[in-house]
Amino acid sequence: MLPYTVNFKVSARTLTGALNAHNKAAVDWGWQGLIAYGCHSLVVVIDSSTAQTLQVLEKHKADVVKVKWARENYHHNIGSPYCLRLASADVNGKIIVWDVAAGVAQCEIQEHARPIQDVQWLWNQDASRDLLLAIHPPNYIVLWNADTGTKLWKKSYADNILSFSFDPFDPSHLTLLTSEGIVFISDFSPSKPPSGPGKKVYISSPHSSPAHNKLAAATGAKKALNKVKILITQEKPSAEFVTLNDCLQLAYLPSKRNHMLLLYPREILILDLEVNQTVGVIAIERTGVPFLQVIPCFQRDGLFCLHENGCITLRVRRSYSSVFTTSGDEPDPDPVQELTYDLRSQCDAIRVTKTVRPFSMVCCPVNENAAALIVSDGRVMIWELKSAVCSRNSRSSSSGVSPLYSPVSFCGIPVGVLQNKLPDLSLDNMIGQSAIAGEEQPKGSILQEVHLKFLLTGLLSGLPSPQFAIRMCPPLTTKNIKMYQPLLAVGTSNGSILVYHLTSGLLHKELSIHSCEVKGIEWTSLTGFLSFATSTPNNMGLVRNELQLVDLPTGRSIAFRGERGSDESPIEMIKVSHLKIPCVGYFEAIIRQYLAVVFKDKPLELWDVRTCTLLREMSKNFPAITALEWSPSHNLKSLKKKQLATREAMARQTVVSDTELSIVESSVISLLQEAESKSELSQNISAREHFVFTDNDGQVYHLTVEGNSVKDSARIPPDVQMVSSLRSGRNVTFRILDVDWCTSDKVILASDDGCIRVLEMSMKSTCFRMDEQELTEPVWCPYLLIPRASLALKAFLLHQPWNGWYSLDISHVDYPENEEIKTLLQEQLNSLSNDIKKLLLDPEFTLLQRCLLVSRLYGDESELHFWTVAAHYLHSLSQAKSGSTVVTKEAIPRDKLSNPLDICYDILCENAYFQKFQLERVNLQEVKRSTYDHTRKCTDQLLLLGQTDRAVQLLLETSADNQHYYCDSLKACLVTTVTSSGPSQSTIKLVATNMIANGKLAEGVQLLCLIDKAADACRYLQTYGEWNRAAWLAKVRLNSEECADVLKRWVDHLCSPQVNQKSKALLVLLSLGCFFSVAETLHSMRYFDRAALFVEACLEYGALEINEDTDILYEGVDAEGEEVT
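For clarity, every value in this text was computed on a predicted model and none was experimentally measured.

### Here we look at the overall build of the chain
Turning to step 1, where the next piece is worked out: Scanning the chain for helices and strands turns up 26 helices and 52 strands.
Turning to step 2, where the next piece is worked out: Looking at the chain alone, contacts between residues at least 24 apart form 58% of all its contacts between residues at least 6 apart.
Turning to step 3, where the next piece is worked out: Working note: accessible area of the chain is about 50,200 Å², and carbon and sulfur atoms make up 51% of it.

Put into structure tokens, the structure is as follows:
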């Protein structure tokens, strides 16, 4: 027979409550799937899927102001495993880098003793992923090595820095939001600080201009939007212009290059940094709720917005018809005049009060289909986005809002209607890209219109605001082991009592018992307790006392003292005796349990807990009690003798036979009940109990209680030896409100920071290991496994060559480590959702789709981008060749506009699609221009794009009083009369070369583009270090072959040791169709696991022909991969 086991393990933990005002921006959702947020000086880590607290980090001595998860944009292997790294910063300027799984601080950083304004991990370097950039007040940015705590460099600026944002498309571009404006830094590098002060610009009201006057003629809502348009100038605004200095947030748009948003309470401004002008305004109506925060999306051109009422809204850019013309076409008479973001979904608001208000919002960075709201009272609300296919009757008939369509592909590969897919997996699997990029839906399309809605999938509630009264349930014994649960009762200031299960740390039950603040709790058994509360004293110092007896399983409560309690001295404490003896038969029900009720200015009362009757009220000269405790020991031998004598006496009164057993049992019980009612028997079986108390002079009294008799036994001088102590001050930032024993070796502290801590005997705050936690729900988090196990689990999900089908049962796999690790792996597999399991077991789920899905499950940023681009171009190639074209080692797919790569991948998109997007963009810039400087920049872009007729029109708009009138007129003549052949071409090329040599790079490139020498222009741009600009020009002006040459030179540059961005180079090679080069580069980078999967996918899609070179590569990858694993 197996021994009976029960889980009563209680580990050191912290229950958190309401947040501090400093914690408002201290929240982050990591690629690992975990959410971290600050709670006073603590850092709380929760699981986003199950809303369970996994870790509470305690080492800061001041309130936490920032938390930031490390990015996962690197290749993971045994040397660089999946790990949980988190940086947190506090108001005293200290930054701590944590190993969250182990609960230990890896590094502590301190520069100044002022609050950290912002902090961010650098993610773009292949060489190092330990770099942390921080803003130290008032005006310093410092780059730290977060592994060693070494300061790499420090840079100061003229203005106070509030926050910063990296350009997601170019990590050398950093933007600072300062107290006076914006500072653009274009030479950020981990190796050295920025060279100059950066380009400082100001945000001001728009100047008057003909363009603005024309647009301002609109009426109604359009006129209201035009009034809030702003522009960026390099001149400090004069007094006549109102500076908009209440900017709440600055952020780049990750969905398209060179776009930035500025958040104000009542509008969001979308800026195009090419022309430094607003191209979109999201304004709130007069009766609308102001913004608090906005998070731009990467996968789709959408915005998650948080409002002051706690409502989260999703806005998606409106889709327009294609707006692009060639040089010979007339411009569109009604081009897109605004980037419009339509409201697509919103969640419920919260009830906002003086103490309850929304703090911050974070979005899932992997799937962008969920948002978490952090509330000031400690609640975390997780809202998940769900999609629903619209019926024809429910489709929106509004002309202003374009429909959203489901995407063609799932996990990078187009799928049929009947194939398995999970639309809610991520945002790009919910909304098709054509609804975002401005394309019209093809006729006869099978795409389905979808609606989006928010669903609350997780809620984590914190402790209420202090004051607290805490009491642990009776201790574990051999007699109650089968029903024991480690429950903690917490009395609150609003009269409710919360019962927590300390094994899991979750709320077990919440009971509304009292009408005023709970002052104390005493357990009477494992399933019941007494609690008391006192109202506010009146003028005479008298209160209303509430003493309730609560049955926990049913929640039933009764007034223990009946009608007593009005207008009397307040109760100071209650104490229940420990006598709980499991006797045989009816005696168990009549054993007394005593309750001592201590008042402030009133003698002690002694009650019988079982019958709720008053046994004794002490005399008025009884000493005032400051502390009281019952003895856990009893006179058990005397009690048993009394019980045995009573049984014998009752047995002599009757003769029992076997047939009369039931009759005798009933008569015995009736006799006992009668004896008890006459108070004859109850006194005879009362146990003698002891309690001690102290008075105001520190004297210790020892008294005995037997029935309703109280006897003074002795007065004992104090003799106490301190075991350990905890003092608020230098090392502890909180003040203790209440304390109790949790177990024989742990204590519980309730503190004024709204937290309850379970500590070891030494009372030192310690974190715990996450893998030792007892959780009520399984959590998918492979980061908690040891490195080799997490990689083995990943390999098992990706590839099972020993089977003809995929399985999620790992028991039959020979794992060389040990069986315990295999059990942990199986637990992780079991924790996957049924929808994910269905996809993984689907035989039609391709290898590329599996790689994409597993990269999402692991939150592997590097692999997610790699497999997204790889899946797109491998599938495009297979579609293009249609099984008949022989594939060479370097195959370049055709440019196709059907189902193109998302524009968020910018340079990696197909050329034709990229050109179309840039033409739409310059159209919008032309409409939004308001000054001559904007017009000049639009002209330059049009010339580079080959739109010469529109460029000439803008050049001729220059007024005669403008100092550039003569030059622009000549330039218009040049553009109109230039030819691509003849002596003029040689002259223009010579002039362009001279201009480039003399520092006029942009002008020289423009002249070369006029004579169709864009390839030469790209070479000049690359020579002068303008690699991104050269790639852009190649995509919009060159044919496929010439563009590939330019991009391959860029790849060589990215792979150079001084740049070391081989991961980006891999993506560029994928976009070129250079699949063999990709495999070779992966092998040279020692990414053997990814290389093996990629080669197999290429062979599956026919992207590599099987020859001697590919055989050697495949064998080398396979051999190296086996050696590593």
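### Description of the nonpolar core
Turning to step 1, where the next piece is worked out: Core analysis: the biggest nonpolar cluster contains 166 residues, and Phe866, Leu1033, Phe1075 and Phe1094 have the highest contact counts within it.
Turning to step 2, where the next piece is worked out: Setting aside chain neighbours within four positions, we find phenylalanine 866 in contact with Leu1066, Leu1067, Leu1070, Val1078, Leu1082, Arg1090 and Phe1094.
Turning to step 3, where the next piece is worked out: Among the nonpolar cores identified, the runner-up in size contains 31 residues, and Met472, Ile497, Val499 and Leu502 belong to it.

### Quick look at the sheet that holds strand β3 (residues 34–39)
Turning to step 1, where the next piece is worked out: The four strands are arranged β2-β3-β4-β5 in an open sheet whose pairing can be described as antiparallel. Unpaired on one side and paired on the other, β2 (27–29) and β5 (53–58) mark the two borders of the sheet. With strand direction ignored, the average angle separating the axes of adjacent strands in the sheet is 15°.

### Some words on helix α9 (residues 787–798)
Turning to step 1, where the next piece is worked out: Between the first and last C-alpha of α9 there are 17 Å, a value that for twelve residues agrees with the 16 Å anticipated at 1.5 Å per step.
Turning to step 2, where the next piece is worked out: Residues of α9 that are buried include every one of Ala789, Ser790, Leu791, Leu793, Lys794, Phe796, Leu797 and Leu798, and no others.
Turning to step 3, where the next piece is worked out: In this fold, the buried residues of α9 make contact with α10 (819–830), α11 (834–840), α12 (847–858), α13 (861–881) and α25 (1088–1101).

### Description of the packing of helix α15 (residues 932–945) against helix α21 (residues 1027–1037)
To describe two helices that pack against each other, one gives the angle between their axes and the distance between the axes.
Turning to step 1, where the next piece is worked out: The interhelical angle for the contact between α15 and α21, taken along N-to-C directions, is 55°, at an axis separation of 9 Å. If you check the angle between α15 and α21, you find them oblique. Here Gln941, Leu943, Leu944 and Leu945 of α15 lie close against α21, whose contacting residues are Arg1029, Trp1032, Leu1033, Val1036 and Arg1037.
Turning to step 2, where the next piece is worked out: When its residues are assigned to classes, the contact of α15 with α21 shows six nonpolar, one polar and two charged.

### A word on the confidence of the model for the chain
Turning to step 1, where the next piece is worked out: When pLDDT is averaged across the chain, the result is 82; 81% of the residues are at 70 or more.
Turning to step 2, where the next piece is worked out: Confidence drops under pLDDT 50 across residues 205–229; counting only partners more than four residues distant or on other chains, this segment forms 34 contacts.
Turning to step 3, where the next piece is worked out: Segment residues 582–590: pLDDT under 50, and 17 contacts once partners within four positions in sequence are set aside and those in other chains are kept.

### Thoughts on the sheet that holds strand β7 (residues 85–90)
Turning to step 1, where the next piece is worked out: Spatially, the four strands line up as an open sheet ordered β6-β7-β8-β9, and their pairing is antiparallel. Each edge of the open sheet carries a strand with a single partner, namely β6 (64–69) and β9 (104–110). Direction aside, neighbouring strands of the sheet carry axes that sit 20° apart on average.
Turning to step 2, where the next piece is worked out: By the bridge criterion, five bridges tie β6 to β7 in an arrangement that is antiparallel. Looking at β7, one finds that lysine 68 is bridged to alanine 87.

### A few points about the pairing of strand β27 (residues 358–363)
Turning to step 1, where the next piece is worked out: The buried count for β27 comes to six of six residues, which makes it a mostly enclosed element.
Turning to step 2, where the next piece is worked out: Relative to strand β28 (residues 370–375), β27 is paired through five bridges, and the arrangement is antiparallel. Within the sheet, the bridge partner assigned to cysteine 363 lies in β28 and is alanine 371.
Turning to step 3, where the next piece is worked out: Between β27 and the antiparallel strand that follows it, β28, lie six residues; glutamate 368 among them carries a positive phi value of about 55°.

### Points about the packing of aromatic side chains
Turning to step 1, where the next piece is worked out: Under the counting rule described, the total for this entry stands at 20 aromatic pairs.
Turning to step 2, where the next piece is worked out: Here tyrosine 82 and tyrosine 858 contribute two aromatic rings whose centre-to-centre distance is 5.0 Å and whose plane-to-plane angle is 55°, an arrangement assigned as tilted. With tyrosine 82 in the loop between β6 and β7 and tyrosine 858 in helix α12, the pair connects residues that are 776 residues apart, well separated along the chain. Each member of the pair, tyrosine 82 as well as tyrosine 858, carries the same accessibility label: buried.
Turning to step 3, where the next piece is worked out: Ring geometry for phenylalanine 164 against phenylalanine 166: centres 5.9 Å apart, planes inclined by 85°, an arrangement best described as edge-to-face.
Turning to step 4, where the next piece is worked out: Ring pairs connect the aromatic residues Tyr594, Phe622, Trp630, Phe691, Phe693 and Tyr701, which therefore count as one cluster.
Turning to step 5, where the next piece is worked out: Taking NZ or CZ as reference, lysine 154 lies 4.2 Å from the ring centre of tyrosine 140, over its face.
Turning to step 6, where the next piece is worked out: In this arrangement the basic side chain of arginine 850 is found over the ring face of tyrosine 806, its NZ or CZ atom lying 3.5 Å from the centre.

### A word on unusual backbone geometry
Turning to step 1, where the next piece is worked out: Each neighbour pair has its own omega, and for proline 137 with proline 138 the value is 0°, a cis peptide bond.
Turning to step 2, where the next piece is worked out: Here proline 466 and glutamine 467 are connected by a cis peptide whose omega angle stands at 20°.
Turning to step 3, where the next piece is worked out: By secondary structure assignment, the location of glutamine 467 is in the loop between β33 (449–460) and β34 (469–472).
Turning to step 4, where the next piece is worked out: Despite not being glycine, aspartate 1012 has its phi angle at roughly 60°, a positive value.
Turning to step 5, where the next piece is worked out: If you trace the backbone, aspartate 1012 turns up in the loop between α19 (1001–1010) and α20 (1014–1023).

### Comments concerning the pattern of salt bridges
Turning to step 1, where the next piece is worked out: Under the counting rule described, the total for this entry stands at 46 salt bridges.
Turning to step 2, where the next piece is worked out: With a shortest N-O distance of 3.1 Å, aspartate 902 and arginine 300 are connected by a salt bridge. Placement of aspartate 902 in the loop between α13 and α14 (911–928) and of arginine 300 in the loop between β23 (291–296) and β24 (302–307) is noted, with a sequence separation of 602 residues between them.
Turning to step 3, where the next piece is worked out: The partner of aspartate 940 in a salt bridge is arginine 936, with the nearest N and O atoms 3.8 Å apart. Of this pair, aspartate 940 and arginine 936 both sit in helix α15, four residues apart, which is roughly one turn of that helix.
Turning to step 4, where the next piece is worked out: Using a relative accessible area of 19% as the deciding quantity, one classes aspartate 940 as buried.
Turning to step 5, where the next piece is worked out: On the basis of relative accessible area, arginine 936 is assigned to the partly exposed category, the value being 35%.

### With respect to the pairing of strand β40 (residues 545–551)
Turning to step 1, where the next piece is worked out: Of all seven residues in β40, six are buried; the element is thus mostly enclosed.
Turning to step 2, where the next piece is worked out: Across seven bridges, the pairing between strand β39 (residues 528–534) and β40 is antiparallel. Across the sheet, residue phenylalanine 532 finds its bridge partner in β40, namely leucine 547.
Turning to step 3, where the next piece is worked out: By the bridge criterion, four bridges tie β40 to strand β41 (residues 556–559) in an arrangement that is antiparallel. For valine 550, the partnering residue across the bridge sits in β41 and is serine 557.
Turning to step 4, where the next piece is worked out: The turn joining β40 and β41, which pair antiparallel and follow one another in sequence, is formed by four residues; a positive phi near 80° is taken by glycine 555.

### Some remarks on helix α18 (residues 983–997)
Turning to step 1, where the next piece is worked out: The terminal C-alpha atoms of α18, which comprises 15 residues, lie 21 Å apart, in line with the 21 Å expected from a rise of 1.5 Å per residue.
Turning to step 2, where the next piece is worked out: For α18, the set of buried residues is Gln985, Ile988, Ala992 and Ile996. On an axial view of α18, the arc spanned by its buried residues comes to 70°, and they lie on one face. For α18, the exposed residues set more than 90 degrees away from the buried face come down to Pro983, Ser986, Leu990 and Ala997.
Turning to step 3, where the next piece is worked out: Those residues of α18 that are buried are in contact with α17 (965–977), α19 and α20.
Turning to step 4, where the next piece is worked out: Two residues or fewer past α18, glycine 999 is found with a positive phi of approximately 90°.

### Quick word on the packing of α20 against helix α22 (residues 1040–1054)
Turning to step 1, where the next piece is worked out: Axis separation between α20 and α22 bottoms out at 10 Å; the angle between their running directions is 5°. By the angle between their axes, α20 is roughly parallel relative to α22. Contacts from Ala1015, Cys1018, Arg1019 and Gln1022 of α20 reach α22 at Glu1042, Val1046, Arg1049 and Trp1050.
Turning to step 2, where the next piece is worked out: Within the contact of α20 with α22, the residues separate by chemical class into four nonpolar, one polar and three charged.

### Describing the environment of cysteine 909
Turning to step 1, where the next piece is worked out: The topology assignment puts cysteine 909 in the loop between α13 and α14.
Turning to step 2, where the next piece is worked out: Put simply, cysteine 909 and serine 1071 are 162 residues apart on the chain and 7.1 Å apart in space, counted from C-alpha to C-alpha.
Turning to step 3, where the next piece is worked out: In contact with cysteine 909, other than residues within four places in its own chain, are Tyr873, Leu901, Asp902, Ile903 and Lys1035.

### Quick look at the side chain of serine 163
Turning to step 1, where the next piece is worked out: Mapped onto the elements of the fold, serine 163 is located in strand β14 (residues 161–166).
Turning to step 2, where the next piece is worked out: Among all residues touching serine 163, those that are not within four sequence positions of it are Asp118, Ile135, Thr175, Leu176 and Leu177.

### Brief notes about the environment of glutamate 338
Turning to step 1, where the next piece is worked out: With respect to the helices, strands and loops of the structure, glutamate 338 is situated in the loop between β25 (312–317) and β26 (341–346).
Turning to step 2, where the next piece is worked out: Among the residues examined, glutamate 338 registers a relative accessible area of 6% and is labelled buried.
Turning to step 3, where the next piece is worked out: Taking the C-alpha atoms as reference points, glutamate 338 and arginine 318, separated by 20 residues in sequence, lie 9.8 Å from one another.

### Notes on the state of the cysteines
Turning to step 1, where the next piece is worked out: Per the stated rule, a full pass over the model turns up zero disulfides.
Turning to step 2, where the next piece is worked out: Distance from the sulfur of cysteine 297, which forms no disulfide, to the nearest cysteine sulfur (cysteine 363) is 5.5 Å.
Turning to step 3, where the next piece is worked out: Among the cysteines around cysteine 1009, which has no disulfide bond, cysteine 1018 carries the closest sulfur, lying 7.2 Å off.
Turning to step 4, where the next piece is worked out: Overall, cysteine 1009 belongs to the buried group, its relative accessible area being 2%.

Rules behind the numbers
Residues numbered from 1 in each chain as written. Predicted model: local features only at pLDDT ≥ 70, side-chain atom pairs only at ≥ 80, totals over all residues. Heavy atoms only, no water. Helix = DSSP H or I, 4+ residues; strand = E, 2+ residues; numbered from the N terminus. Contact = heavy atoms within 4.5 Å. Areas by Shrake-Rupley, 256 points an atom, 1.4 Å probe, with all protein chains shown as cover. Core = buried A, V, L, I, M, F, W, Y, C linked by side-chain atoms within 4.5 Å. Buried < 20%, exposed > 50% of the residue type's maximum accessible area, 1.4 Å probe, protein only. Pairing = 2+ DSSP bridges. Axes fitted to C-alpha atoms, helices over the stretch in contact; angles between N-to-C directions. Expected span 1.5 Å × (residues − 1). Parallel < 35°, antiparallel > 145°, perpendicular 65-115°, else oblique. Nonpolar A, V, L, I, M, F, W, Y, C, P; charged D, E, K, R; others polar. pLDDT = per-residue confidence, 0-100. Phe/Tyr/Trp six-rings, centres within 6.5 Å; stacked < 30°, edge-to-face > 60°. Lys NZ or Arg CZ within 6 Å of the ring centre and 35° of its normal. Salt bridge = Lys/Arg side-chain N within 4 Å of Asp/Glu carboxyl O. Arc of directions from axis to C-beta. Disulfide = S-S within 2.5 Å.

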